[in-house]
Every structure is written in C-alpha cells, then in structure tokens.
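Summary of structural features
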Amino acid sequence: MQDNIAVRSESEQLVHTESLQRRVVELQDFADRIEADAAKAIALAEELAVSKKITDEALRQVKSSEWRTKAVLDAVVDGILSISADATIESVNASSIRMLGASESELLGSNFENFVTDFEGQSVKSVLLGSESGEFENTDSVTLFCNARPVGRAPFPAELILAKLTIAGQTKFTCVLRDITERKNAEFAIQKLALYDQLTGLANRHEFQQNLDTAINMASRHDVTAVLMLLDLDKFKEINDTFGHPVGDELLVSVARILEASVRKSDTVARIGGDEFAIILNNIVDPLRVRQVAERIVDSVSQPMVVDGSLISTGISIGISIFPRDAKDAKELIRLCDKALYEAKRRGRGNYQYYDEVMDSSARAEQVLENDLRLALVRDELELYFQPQLATLGGHTVGAEALVRWHHPTRGLLLPGDFVPLAEKNGLISEIGKQVLQKGCQAVRAWRDTGIEALTVAVNVSPCQFLNDRFMDSISSALEDSGINPRWLEIEITENALIEDPEQVRDKLEKIRSLGVSVAIDDFGTGYASLAYLRNFPVQKLKIDRTFVKRITTSIADRAIAEAIVNLGRSLNIDTVAEGVETLQQADVIRQIHCSAMQGYYFSHPLPQEKFEQWLRKQ
Ligand code: C2E
Ligand code: MG
Ligand code: MG
C-alpha cells in the first residue's frame, strides 16, 4: 500500500497540491469577508445605539413639551378646546372643564353645540361650515359672541375665538372660550352711567333726547300722537334748604317712583335737571289718557309724604305739548312744553297746563318788552313817583316811598307790576335798581337844596337784587354821587329775600346798617320767613301789608294781626308803617293801635317828583 502511495504518480501529487493551495486561498478570502462583515455589523450596531439615544432624547423632549403645553393650556384662564369640523370636542384644557361644568370625559366626544347658544343667530355648525364657504377667508380666526351654558349653572356671556387649522389634510378648529361677564357688567355700568340718572335710576337728559326723537319718528311713521310732559317740583329749593339735601334726594326718588307708576312701561320717564322731570307718552290714541296721567301725577305728588322721618308736602307743575299738533320737531316740542310748564307754575303751581298758541304770543310779547326795557335803561325812561308816609301822631310827613314808573314810548306809563317781574327773571332788575337808588338819593339832595325839610326816601329792592354781589356798590355810589346823609335812605325788602341764606343776609344787612342806611321789611305778614329773623337781623321798620289794612275796620282777625305786628315791633324797638290806607276809618284804627306811620291813597297817591314837592309845600 505504502508502495501504492509511493507509487502515486508525481503528476497526481502536483494536482493535489494545487488544489490545496486553492482551498487555502478560498478560505483566506472567506475569512477576510467575514472580518469585513463583522466590522460592518459593529459599525451598524454603533450607529443603531446612537440613533436610539437620539430617538429616546427626542421622545423625552416631545413628552416634556407636551406636558409643558398642557400645563400652559391648563394655566390659561380662558377655555381652550379643539373641535372637529362637525363640532365634536377633541381636547379641552382645565379652564374649559371648569367653565362648562363637565368632566373631561364628559366633554370629550360630545358636541360643542350642547354648551353654547345664541351664537349671533347662527349654529356653531353653520359657522364651522361657513369656514368652507369663506367665513374664514383672509383671516386665521373669527370672533363671535354667544351664551355659554355650563352644566348645572346659569348661562354666562362669552366670547368665542375660532381658529381654523388643517392637519394632515383634515380641518380642525381651536376654540378659545372667554367668560366676558365682568366686561359686560362694566359695559352695562358705563351705559347706565351715560344714559341713566344715578340718583333715581330714571333716564337722564341724554337718553330722554334720544327717546323723544325716536317717539317722534315712530309717531310720524305710524300717524299717531306722541305727548311730552315737562314736570317741575314746587318749592323744592325750600325743602332742600329746610330739611337738608339727603331728604331732598329721597323726595326726588319718591317722586320718580310715582311718575314711573303713573305711566306704561313703554313710556319714558326721565330726570332732566335738579327737580325737573320729563315724560314721553308714546302712541297716544285716546287724548283722555293724557289728562288722566297728568291728574294722577298732580294728585299723588301733592299728597304729604314721609321722607326720612319728616312730613313733606310738595306739589308738581306739569307742562304738556303734543306732537304733531303743537310742533313738528323735538326742539320745538320742548320749547312749547316749557312755556306750558311756565304757565302752569304762574297759575299757582300744583297743576298741569297744555300748550296753546296764546302762550307763545305772550312769550313773544315778553321778548319785545324785554328788548324795550333794555332800551329804556339807556334812554332813561324810568321815573320815580313818591308816596308820602305820615306820622300817626301829628300827621306830618316823615318820609316817602319811591315807586318806579316806566314811560314806555308806545304803551304809555307802566307800573312796576308790568315790568319788574320780567326784569327779575332776565336779570335787568339790578340795573333798574341801580338807577332807582341813584334817582332816590338825587331826590333827597334836591329837597335839601331847595330847602324842603329832610325826608327819608324808601327804595324798594327785589330779593335777587339784594342778593347780588354788586348791590352794596350801587348803594355806596348812589350815596356818594348825591352826597346825602345815609340816614335819609331806607331800603325796603320783602321777607322772602331773607330766607335764602341767613348768614349771607345777616352779613349784608349789617353792611347796610354800618353805612347808616336803614332797612324796612315790606309787605310784612305775607311772606314765609320765620319771625325769629327779627331778633337776629338789624331791621328798623315793619310795613304792615295792605291786605290787613284793607279789612282792618271790618275783620276782627285782620285788626288783631295788625295790632300784634305793632306790639311785636314795639317790644323789639322796631317802627311800624301801615300800607294802603284808603279811608279815614282805616286811619283812625291805625292811630288807635299806635302804629307809628301810615301811607296810602287816603293821603296821597304816588306822585311825580315835582307834584310831590307841591304836595309837601301845601301840607
Ligand atoms: P309796595 O312796595 O308794597 O308798594 C306799594 C304799592 O301799593 C304801590 O304800588 C302803591 O302804588 C300801592 N299803593 C299805595 N297806597 C295804596 C292804597 O291806598 N291802596 C292801594 N290799593 N294801593 C296802594 P306800585 O307802585 O304799583 O308798586 C307795586 C310794587 O312794585 C311795590 O309794592 C313794590 O314791591 C314794587 N316796586 C315798586 N317800585 C319798585 C322799584 O323801584 N324796585 C323794585 N324792585 N320794586 C318796586
Ligand atoms: Mg314798598
Ligand atoms: Mg308793600
């Protein structure tokens, strides 16, 4: 066998070696490939490890950002929800849960429409659908107002901001739900402040104007009548001064309630000034209703009311104008109504008055008179007449009352009653008073110069003139210009001038007194002042009103009053003068009750200066 092997041919041996060599090369090659693959695998594994780390980190970051986003969303006060195009709620933040009063699981999957209503007249779906049809065009979001309806709680006003998003080809909406209750309340408060009177809660002047315009428009469109009433409380200022502002305020509130109760809900009741009210009655078909409303108001307000523990009796005057009968627009309707109100007050307050054309003509006449009066002051058309005052003991003349007259260029001689009230209203009274003081003092000077024995001149002063700041100046300059002794000048004021502001009145009376000028109370016994002022105010004379003198011989009561005034004067060391003595019998009684002086037609009518001087000489 050995031999067999040994005997393998040399050629066979060679082939075998070559084959082995090839095998080795193959193996070597295989080993190289394996080695390369292993390196690749290692690199791949390393790469995988890095990627996993990155992925883990990314995932962690996503989680954290998601968590943070949720935390932020939950911290927002507004509700934030995402909803699908068919209004299904897909996610909510904590505020949505709180605001809508439902749990997260109850909210998710339910329809958003269950929680909002009055969506500016549309359904949520239609708005969302509108997004297809262009509601969202050119904008990323729309803002709408609605009422949110939380579960188990009252609805609240809300603002809704809807933003449209497209995610992976699907339309979604992010919805911000904001509770605007506070904003609405603030808006309401501001509106209330702008349109309503704070004290009474009635419409204010602004709102009244608007409502009147509306009422007039409606009335002309439907061919019906609208009625305007302007109302003014009687004696409100006195009540305020006597009882104090809190009582005054409460009275206004009580009156406001009476007015509201006297009209329909659809009518307007407004407070347009301190104690001025207005009522607009819409759509009046039966004219009788206007009268009924006015009567009811006058009646109710004139009932004594207990306000803050005080019994207050007041009254109300009402002017009434009617659209379209009286005027064609609001401004004119108010103007005419105001005239009617003025007329109601003039006729004694506590009543109502319809506007009629006569009023307007009398107002125009007043306007003409006012212009004439301004001219009169420039053209020196005022003249003083003098009426003597005689001592009851001895019958000699102790003084004269100066009474103003106006020589009107066309109407002739006018008495104070024809123009003084108008002058008091338009402020001309101060200028008239100034001229009267000048003329009165000049008369005293003339008498002194012509050797007539000295007489006191009593000059009448209106309350508004008396309270005017420049009143003292006009007295001083009249005294200075004439150079007379101030003791010959006397100021006559009525009691009503004394009730305004006691401190100011006292101060002024003292100033007058310190000039040496004396003060008389005119028409004593007819005013509203309390007698206590006689003790506190420096007053030298009381003029017993002629209404008492008139019946002094026939009425026991009037005689008693006159006598009481004389006694009161005597005990306070104040002189008394009886006014309006027309008969000898009256003069006799005046003498019997020991009144110090008298004045009246029985002795002399008021006379022009020259005639008066002749009268004096004759005496
Ligand atoms: P008074 O101050 O009470 O003046 C008395 C008024 O009674 C005067 O009216 C006078 O003419 C009138 N009279 C006098 N004696 C009698 C009489 O025996 N019987 C009757 N029935 N009447 C008599 P007059 O001049 O028309 O003045 C009216 C009022 O006008 C005055 O009332 C006074 O309050 C006011 N007045 C007059 N002159 C002025 C003035 O210069 N300034 C102001 N502010 N008021 C004036
Ligand atoms: Mg007088
Ligand atoms: Mg008088």
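Everything numeric in this text was worked out from a predicted model, so none of it was measured.

**Points about the side chain of Asp-558**
- Residue position: Asp-558 is located in helix H20 (residues 556–571).
- Each residue touching Asp-558, except ones within four places of it in the same chain, is listed here: Thr-547, Phe-548 and Arg-551.

**Some remarks on the sheet that holds strand E13 (residues 352–354)**
- Ordered in space as E8-E9-E7-E12-E13, the five strands form an open sheet in which the pairing is mixed. Here the strands that pair on one side only, and so sit at the sheet edges, are strand E8 (268–271) and E13. Across this sheet, the average inter-strand angle for adjacent strands is 20°, counted without regard to direction.
- Relative to strand E9 (residues 276–284), strand E7 (residues 225–233) runs antiparallel, the two sharing seven bridges. Paired with Leu-230 across the strands is Ala-278, a residue of E9.
- Running at roughly 165° to strand E12 (residues 316–323), helix H10 (residues 287–302) makes contact with E7, E9, E12 and E13 of the sheet.

**Structural notes on the coordination of the magnesium ion (ligand 2)**
- All of the protein donors around the magnesium ion (ligand 2) are Glu-401 (OE), Asn-460 (OD1), Glu-492 (OE) and Asp-522 (OD); their distances to the metal are 2.0 to 2.2 Å.
- Each donor residue of the magnesium ion (ligand 2) belongs to the same chain, with the gaps between them written as E-x58-N-x31-E-x29-D.
- The two metals, the magnesium ion (ligand 2) and the magnesium ion (ligand 3), are separated by 3.9 Å and share Asp-522 as a common coordinating residue. Of the two residues, Glu-492 is situated in strand E18 (residues 489–494) and Asp-522 in strand E19 (residues 518–524); the sequence distance between them amounts to 30 residues. Summarising the burial analysis for this pair, Glu-492 and Asp-522 share the class buried.

**Here's the deal with H10**
- Helix length check: H10, at 16 residues, gives a terminal C-alpha distance of 23 Å against a target of 22 Å (1.5 Å per residue), a fit within 8%.
- Residues of H10 that are buried in the fold lie against E7, helix H9 (245–262), E9, strand E10 (305–307), E12 and E13.

**Topic: the packing of helix H16 (residues 471–482) against helix H17 (residues 502–515)**
- Packing of H16 against H17 brings their axes to within 11 Å, and their N-to-C directions diverge by 10°. Relative to H17, the element H16 lies roughly parallel. Only Lys-508, Lys-511, Ile-512 and Leu-515 of H17 make contact with H16, whose side of the interface consists of Phe-471, Met-472, Ile-475, Ser-476 and Leu-479.
- Looking at the contact of H16 with H17, its residues break down into six nonpolar, one polar and two charged.

**A word on the coordination of the magnesium ion (ligand 3)**
- Within the protein, the magnesium ion (ligand 3) binds to Asp-522 (OD), Asp-523 (OD), Glu-579 (OE) and Glu-579 (OE); these donor distances fall in the range 2.1 to 2.6 Å.
- Mapping the donors of the magnesium ion (ligand 3) onto the primary sequence yields the spacing D-D-x55-E.

**Notes on the site of ligand 1**
- Near ligand 1, the surroundings consist of 21 residues, among which Asn-460, Asp-522, Arg-546, Glu-582 and Tyr-601 are the closest.
- When ligand 1 sits alone it has 800 Å² of accessible area, and the protein chains cover 83% of it.
- Every element with two or more residues in the shell around ligand 1 is listed here: strand E15 (397–408), helix H14 (429–449) and E19.
- The biggest single contributor to the shell around ligand 1 is E15, with four residues.

**Examining unusual backbone geometry**
- A cis amide bond links Phe-323 to the next residue, Pro-324, at an omega of 0°.
- Within the secondary structure layout, Pro-324 lies in the loop between E12 and helix H11 (330–346).
- One non-glycine residue, Ala-87, lies in positive phi territory at about 70°.
- Looking at the element boundaries, Ala-87 is found in the loop between strand E1 (79–84) and strand E2 (89–92).
- Located in the positive-phi region is Asp-308, a residue other than glycine, with phi close to 50°.
- On the secondary structure map, Asp-308 appears in the loop between E10 and strand E11 (310–312).

**Examining the sheet that holds E2**
- Strands sit in the order E2-E1-E6-E5-E4-E3 across an open sheet of six strands; the sheet is antiparallel. This sheet does not close on itself; its edge strands, each paired only once, are E2 and strand E3 (116–117).
- When E1 meets strand E6 (residues 170–179), the two strands line up antiparallel, connected through six bridges. Across the sheet, the residue bridging to Ile-80 is Val-176, located in E6.
- Where helix H6 (residues 181–195) meets the sheet, its contacts fall on strand E4 (141–148), strand E5 (156–167) and E6, and the angle it forms with E5 comes to roughly 130°.

**A look at the packing of aromatic side chains**
- This model, assessed by the stated rule, comprises eight aromatic pairs.
- Taken together, a centroid distance of 6.3 Å and an interplanar angle of 10° make the contact between Phe-612 and Trp-615 stacked. Pair noted here: Phe-612 and Trp-615 are both in helix H22 (residues 609–618), with a separation of three residues, about one helical turn. Both residues of the pair, Phe-612 and Trp-615, count as buried.
- Following the ring pairs from residue to residue traces out a cluster consisting of Phe-386, Trp-447, Phe-612 and Trp-615.
- Over the ring of Phe-145 we find Lys-184, and its NZ or CZ is 5.8 Å from the ring centre.
- Across from the ring centre of Phe-466, 6.0 Å away, lies the NZ or CZ of Lys-508, which sits over that ring.

**Notes on the pattern of salt bridges**
- According to the stated counting rule, one finds 33 salt bridges in the structure shown.
- Across the pair Arg-23 and Glu-26 runs a salt bridge, and its minimum N-O distance is 3.2 Å. Residue Arg-23 and its partner Glu-26 are both found in helix H2 (residues 10–75); the two are separated by three residues, about one turn of the helix.
- Given the relative accessible area of 46%, Glu-26 is considered partly exposed.
- The salt bridge partner of Asp-267 is Arg-264, with a shortest N-O separation of 3.2 Å.
- With relative accessibility at 8%, the residue Asp-267 sits in the buried group.
- Owing to a relative accessible area of 32%, Arg-264 belongs among the partly exposed residues under this scheme.

**So, the domain arrangement of the protein**
- Taken domain by domain, the protein comprises domain 1 (1–75), domain 2 (79–183), domain 3 (196–355) and domain 4 (396–404 + 430–618).
- The centre of domain 2, based on its C-alpha atoms, is set 85 Å off from the matching centre of domain 4.

The rules we used
- Residues numbered from 1 in each chain as written.
- Chains lettered and ligands numbered in written order.
- Predicted model: local features only at pLDDT ≥ 70, side-chain atom pairs only at ≥ 80, totals over all residues.
- Heavy atoms only, no water.
- Helix = DSSP H or I, 4+ residues; strand = E, 2+ residues; numbered from the N terminus.
- Contact = heavy atoms within 4.5 Å.
- Pairing = 2+ DSSP bridges.
- Axes fitted to C-alpha atoms, helices over the stretch in contact; angles between N-to-C directions.
- Donors = N, O, S within 2.8 Å, 3.2 Å for Na, K, Ca; no water.
- Buried < 20%, exposed > 50% of the residue type's maximum accessible area, 1.4 Å probe, protein only.
- Expected span 1.5 Å × (residues − 1).
- Parallel < 35°, antiparallel > 145°, perpendicular 65-115°, else oblique.
- Nonpolar A, V, L, I, M, F, W, Y, C, P; charged D, E, K, R; others polar.
- Near = heavy atom within 4 Å.
- Areas by Shrake-Rupley, 256 points an atom, 1.4 Å probe, with all protein chains shown as cover.
- Phe/Tyr/Trp six-rings, centres within 6.5 Å; stacked < 30°, edge-to-face > 60°.
- Lys NZ or Arg CZ within 6 Å of the ring centre and 35° of its normal.
- Salt bridge = Lys/Arg side-chain N within 4 Å of Asp/Glu carboxyl O.
- Domains from an automatic or database assignment.

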